[in-house]
Amino acid sequence: MSARGKARRRALDILFEAEARSQDPLSVLAERLERAEPPVNEYTATIVEGVCRHRARIDELITTYAEGWTLDRMPAVDRNLLRGGTYELLWMPDVPEGVVISEWVSLASELSTDESPQFVNGLMARFKQLKPSLAL
């Protein structure tokens, strides 16, 4: 797994843990940065901070385009996969879109349900298609 792939997975871990503990992801990130066991990659922090900064818009987009699914009904890991992937896809233009989608779909394959990779891929591909017209 690439350094950025590991950073994405660690960001997902932090976002998921924060939700499971009903804590702010930034405070969980701060704990991880302070503990530094294992060290937190700068890219991990960028994703977690970006998701927090744009969370309302990210959740609005997911809710709008996830046909037949509400945020509450999605598995928690899928919710957080989509949050991290959507942030990276829409607010980090220096990262190739295809790589972003592929990496987050790969995490879905590894960590979620059998249906999750297709769901994550479909929604992120839709965001890629809509990106020029989305008000961010």
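Residues numbered from 1 in each chain as written. Predicted model: local features only at pLDDT ≥ 70, side-chain atom pairs only at ≥ 80, totals over all residues. Heavy atoms only, no water.

Per an unreviewed UniProt entry, the protein goes by the name Transcription antitermination protein NusB and belongs to Streptosporangium brasiliense. One UniProt comment on the protein, placed under Sequence similarities (unreviewed entry), says "Belongs to the NusB family." Quoted verbatim from the Function (unreviewed entry) heading of the UniProt record, the comment on the protein is "Involved in transcription antitermination. Required for transcription of ribosomal RNA (rRNA) genes. Binds specifically to the boxA antiterminator sequence of the ribosomal RNA (rrn) operons." (UniProt positions renumbered as here; feature names shortened; annotations may be inferred.)

Undergrad: Mind laying out unusual backbone geometry, listing which residues take part and the relevant values?
TA: Here the bond from Glu37 into Pro38 is cis, since omega is -5°, no more than 30 degrees from zero. Position of Pro38 among the secondary structure elements: in the loop between helix 2 (25-35) and helix 3 (42-65). Non-glycine residue Ser22 carries a positive phi angle of around 55°. Its location among the elements puts Ser22 in the loop between helix 1 (3-20) and helix 2. The residue Ala36 is not glycine, and still its phi comes out positive at about 55°. Assignment of secondary structure puts Ala36 in the loop between helix 2 and helix 3. (Helix = DSSP H or I, 4+ residues; strand = E, 2+ residues; numbered from the N terminus.)

Undergrad: Please set out the packing of aromatic side chains residue by residue, giving values where relevant.
TA: What characterises a pair of aromatic rings is the spacing of the ring centres plus the angle enclosed by the ring planes. In total, this model carries three aromatic pairs according to the counting rule given. Aromatic side chains Tyr65 and Phe127 sit 6.0 Å apart centroid to centroid with 85° between the ring planes, which places their arrangement in the edge-to-face category. You can see Tyr65 sitting in helix 3 and its partner Phe127 sitting in helix 6 (residues 116-130), a full 62 residues away along the chain. On the basis of relative accessibility, which here comes to 0%, the residue Phe127 falls in the buried class. Lying over the aromatic face of Trp69, Arg73 brings its terminal NZ or CZ to 4.1 Å of the ring centre. (Phe/Tyr/Trp six-rings, centres within 6.5 Å; stacked < 30°, edge-to-face > 60°. Buried < 20%, exposed > 50% of the residue type's maximum accessible area, 1.4 Å probe, protein only. Lys NZ or Arg CZ within 6 Å of the ring centre and 35° of its normal.)

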